[in-house]
Structure formats: C-alpha cells, structure tokens
Amino acid sequence: MTTTSALLASAPGAALELAQIERRDLRPDDVSVRVTHSGVCFTDLHRLASPDSRMFPLVPGHEFVGVVSAVGAAVTKFRVGDAVAIGNIVDSCGECKWCLRGQESWCEEIPTQTYSGEDRHDGTRTFGGFSGEYVARDRFVYHRPTTLDPAGVAPLLCAGITVWDPLRAEEAGPGTRVGVAGIGGLGHLAVRLAAALGAEVTAFTTSQSKAADAKRLGATHVVVSSDAHAMAAAAETLDVLIDTIGFEHDLTPYVRALDVHGVLYPVGYLGPLSIDSMSLLVGRKRLSSSGGGGVDRVAELLEFCGRHEITADVEVVPAADAMTALSRLTANDVRYRFVLDTSALA
C-alpha cells in the first residue's frame, strides 16, 4: 500500500478535510496516476449529503486528469509520463452481455464506481479523484489530448460523456435538429458537441442573459423557456432534445418541441419526472435515457474533442477551496464547471 493526501468527508454532512488515504499496490493491469485536476459534479454534492453512513468515509471526484506515475507489469498501453484521464467507472466484469457490447457502465455485476464503490477483487472501498494519486485498471484509463487545457478536459469524463452518448446514439450530425434544455455544466457541453457534429442546435434557457453565451457555444437558436410564445413557436422543430435540467420538472413542454419520431433524453435529473403521455402520442415521439458511456465511447469523445479543440468552460480553484466551490455549486454560481487544482496534494 502507498499513501496519498485527499479531501475526505468522515460522515454524512461533514466538511471535506485533508487526510491521508491508502492506495493499493499495483496489480499487473493497474496504472497509477498523479492527479492534477478534478472536476466538481452535482453527484459529489448529492453523495456528500447522503444520510447513508455506509458510504463514508468518502473522497469525491469522478472526472479527473493527470499524469501516469507508474504502471503494472502487464500494462502496454501506457508509460510513465503519459497524459491521461479517468471517469466515473474504473472496473467491470468484462464478460457479461453489456460489457461484451461495449457498455461497461451497465455491467451486470455492477461496475466499480470511482468512489464509494467496491473493488471487485478485494472488496475495499474506492476513494475518488479529490486526491494526489489514483490507481485504476488500465482499461478504464484514457489517453487525453495533450493539446487541450487539462482542467477543461476533466469535466468531459462525466458531464461530457453524459451528453455525448445520446448524441452518438441518435447519430446527430448535419441535417439533425438538436435541442438542449438547460445551459449549465452538462448543457454547455451538449451545445458545443452537437454543433461540432454539424447539427443545427437550439438552446432552451430560463435566463435571457445566457442567450449570447449559448450562441457563442454554437447554438443557432435560443428559446427562453419561460416565454410561452417562444415555446409555442418551437413546437415540432427538433429531432433530438437533450434535457440537462438538474431538478424535478415537467417534460411535456420539451416533448412538444419534438417533430415526428423525435426523442427526448432527460439526463440532468435522476429522479421522478412528470409528463403528459398525450404529448407523446401525436408524432410517435419517444423518451430515452443515458447515464454515461462505455470505454470505447469515452475514448471516442476524447479523440473528437482533441480534433475539434473542445473543452469545458471551467473555473479552476485550489483544492483547499473545495468547500467554497461546493457551496457555490449548490447556488448555481458557476459558468460552467468547477475544477479543483489538486497539484498541492501528494
């Protein structure tokens, strides 16, 4: 075992404090990564606030980048010094029907989460990327484009893949009309990625102040969703709509924006959502879902972003200010993603 510094919450509702944690000795197929930047996700907020004491002690962080510091004896894909990234899954069985179809995040044996997960080999708890060092199976470590700002790459491993997977599943590209509801951590990347794919993008936002920003990101049209006339004018204009809104809401207005055979992907809120089923009936509209992507899809995303120079819009803060970042995130006081600089952790 080796030790590294990390930001750890000891119990539900506890503040993150600097602590020493253990990382396992390298297995033959392991990669050790010196973490330099770790994105701050709403999932981190939810986990830290969880009343389930079994999840603690907890070190958040499941979208991070760094540099390879050591490799296991059987690793051939990476060398010390390689620029890499790690997302929210760090292992799976590799043998079930979903793993064999390239959907490791749906593994029947439950994929190993980057933190608050259980190691498949020894049953130990996983601790996340708000730390100086991380050890993961090589298959779940990704080469990252060295031409891109590493801090801006980190959110691609969660926010990015969450919106990339439905865009690719629907083969979005030239001739596709894509809507994005909510211009935040997920939504700003959805706009940027859909536009880079060649789709015509419509952004839906409650804030008129974000209209110019949405167009900067690549949106052709912007609809203020609180304006009933604007929403009515947007009816039946879209083929795909990525709903990134992060709280409970009615899906019906966004279903109405879909044209015949259109599909709505709610990816921002993982809880009960309401809908008038009649809104699906006319036009044979569909609801689908996405919660990330498999190994090949993540690698594809990183390659695409490197080619098109796409990163997240981030505010980088020192790891010591993590609690301030979490507090501001709770208040939606960020455009569009906080990233912790973890270089001071060792």
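Numbering of residues starts from 1 in every chain and runs along the sequence as written. Only residues with pLDDT of 70 or above have their local features reported here, since the model is predicted, and side-chain atom pairs are shown and tallied only from 80 upward, although totals for entire chains, interfaces and linings are computed over all residues. Side-chain descriptors were evaluated using all non-hydrogen atoms of the structure, hydrogens and water having been removed beforehand.

Caption draft 1: Representation of the nonpolar core within the structure. Here the nonpolar core consists of buried residues drawn from Ala, Val, Leu, Ile, Met, Phe, Trp, Tyr and Cys, with membership extended through side-chain atoms lying within 4.5 Å. Three labels apply to residues, based on accessible area from a 1.4 Å probe with only protein chains included: buried if under 20% of the type maximum, exposed if over 50%, partly exposed otherwise in between. Among the nonpolar cores identified, the biggest contains 46 residues, and Leu-156, Leu-157, Val-163, Leu-167, Val-178, Val-191 and Leu-193 are the most heavily contacted of them. Among the secondary structure elements, those contributing two or more residues to this core are α4 (159-169), β10 (177-181), α5 (187-196), β11 (200-205), α6 (211-217), β13 (238-243), β14 (258-266) and α10 (295-308). If you tally residues by element for this core, the top one is α10, at 6 residues. Should any heavy atoms of two residues lie within 4.5 Å, those residues are considered in contact. Excluding its chain neighbours within four sequence positions, the residues that come into contact with Leu-167 are Ala-172, Val-178, Ala-190, Leu-193, Ala-194, Leu-197 and Ile-242. Every helix listed is a DSSP run of H or I at least four residues long, and every strand listed is a run of E at least two residues long, numbered separately from the N terminus.

Caption draft 2: Spotlight on the packing of aromatic side chains. Only centres within 6.5 Å qualify two rings of Phe, Tyr or Trp (six-membered ring in Trp) as a pair; their planes then separate them into stacked at under 30 degrees, edge-to-face at over 60, and tilted for everything else. Per the counting criterion, the structure on display carries 4 aromatic pairs. Relative to Tyr-134, the ring of Phe-64 has its centre 5.1 Å away and its plane inclined at 55 degrees; by these criteria the two rings are tilted. Taken together, the residues span a long stretch of sequence, with Phe-64 in strand β4 (residues 64-71) and Tyr-134 in strand β8 (residues 133-137) at a distance of 70 residues. Given the relative accessible area of 1%, Phe-64 is considered buried. With relative accessibility at 2%, the residue Tyr-134 sits in the buried group. Plain terms: the ring middles of Trp-164 and Phe-304 are 4.7 Å apart, the flat faces sit at 40 degrees to each other, and that makes the pair tilted.

Caption draft 3: Broad picture of the packing of α4 against α10. Only the stretch in contact is used when a helix axis is fitted, and all axes are lines through C-alpha atoms; the angle between N-to-C directions ranges over 0 to 180 degrees. Where α4 meets α10, the closest approach of the two axes is 10 Å, and the angle between their N-to-C directions is 95 degrees. Accordingly, the angle class assigned to the pair α4 and α10 is roughly perpendicular. Residues Gly-160, Ile-161, Trp-164, Asp-165, Arg-168 and Ala-169 of α4 lie in contact with α10, whose contacting residues are Arg-297, Val-298, Glu-300, Leu-301 and Phe-304. Residue classes follow a fixed rule: Ala, Val, Leu, Ile, Met, Phe, Trp, Tyr, Cys and Pro count as nonpolar, while Asp, Glu, Lys and Arg count as charged, and any other residue, Gly among them, counts as polar. Per-class residue counts for the contact of α4 with α10 are 6 nonpolar, 1 polar and 4 charged. Throughout, the term roughly parallel applies to angles under 35 degrees, roughly antiparallel to angles over 145, roughly perpendicular to angles from 65 to 115, and oblique to all others.

Caption draft 4: Focus on the sheet that holds β13. Should DSSP find at least two bridges between two strands, the strands are regarded as paired. Overall, parallel pairing links the 6 strands, which are arranged β12-β11-β10-β13-β14-β15 in an open sheet. The sheet is open, and its two borders are formed by β12 (221-224) and β15 (286-287), each paired with just one other strand. Two strands pair when backbone bridges link them, and β11 and β12 are joined in this way by 4 bridges, in the parallel orientation. Looking at the pairing, Thr-205 lines up with Val-224 of β12. Strand contacts of α4: β10, β13 and β14, with the helix running at about 160 degrees to β13, the strand carrying the most contacts.

Caption draft 5: Geometry of helix α11 (residues 322-330). Along α11, the residues that are buried comprise Ala-322, Ala-325, Leu-326 and Leu-329. Take α11 and look down its axis: the buried residues cluster within an arc of 100 degrees, on one side only. Residues of α11 that are buried sit in contact with β1 (2-8), β3 (30-40), α1 (42-48), β16 (314-318) and β17 (337-341). The positive-phi residue at the C-terminal boundary of α11 is Asn-332, with phi of around 55 degrees. Starting at the helix axis, one direction is taken to each C-beta atom, and the arc is that of these directions.

Caption draft 6: Local environment of the pattern of salt bridges. Whenever a carboxyl oxygen of Asp or Glu lies within 4 Å of a side-chain nitrogen of Lys or Arg, that contact is scored as a salt bridge. If you walk through the whole model with that rule in mind, you get 24 salt bridges. In this structure, the salt-bridge partner of Arg-27 is Asp-119, at a minimum N-O distance of 3.0 Å. Of this pair, Arg-27 sits in the loop between β2 (17-23) and β3 while Asp-119 sits in the loop between β7 (112-113) and β8; the two residues are 92 residues apart in sequence, bridging distant segments of the chain. Asp-119 shares its class with Arg-27; the two are buried. In this structure, the salt-bridge partner of Asp-213 is Arg-216, at a minimum N-O distance of 2.6 Å.

Caption draft 7: Highlighting unusual backbone geometry. The amide bond that connects Phe-56 to the next residue, Pro-57, takes the cis arrangement and shows omega of 0 degrees. The omega angle of the peptide bond from Arg-335 to Tyr-336 is 0 degrees, so this bond is cis rather than trans. Along the chain, the position of Tyr-336 falls in the loop between α11 and β17. The backbone phi angle of Glu-171 is positive, close to 55 degrees, even though this residue is not glycine.

Caption draft 8: Highlighting the packing of α4 against α5. The N-to-C vectors of α4 and α5 enclose an angle of 45 degrees; their axes lie 9 Å apart at closest approach. One way to sum up the angle between α4 and α5 is to call them oblique. The handedness of the crossing between α4 and α5 is right-handed. Counting all contacts with α4, which are made through Ala-159, Gly-160, Val-163, Trp-164 and Leu-167, the residues of α5 involved are Leu-189, Ala-190, Leu-193 and Ala-194. Throughout, a crossing is termed right-handed when the near helix is turned clockwise from the far one, and left-handed when it is turned anticlockwise from it by less than a right angle.

Caption draft 9: Up close: the environment of Phe-42. Tracing the backbone shows Phe-42 in helix α1. For Phe-42, a relative accessible area of 35% gives the class partly exposed. Residue contacts for Phe-42: discarding those within four places in its chain leaves Leu-329 and Asn-332.

Caption draft 10: The pairing of β11, seen in detail. Across the 6 residues of β11, 5 count as buried, placing the element largely inside the fold. Direction of pairing for β10 relative to β11: parallel, over a ladder of 5 bridges. Counted as the bridge partner of Ala-181 is Phe-204 from β11. Orient the strands so they point away from the viewer, and a crossover whose first-strand-to-second-strand path over the helix runs clockwise is right-handed. For the crossover from β10 across α5 to β11, the handedness is right-handed. Considered for its hand, the β-α-β crossover made up of β11, α6 and β12 is right-handed.

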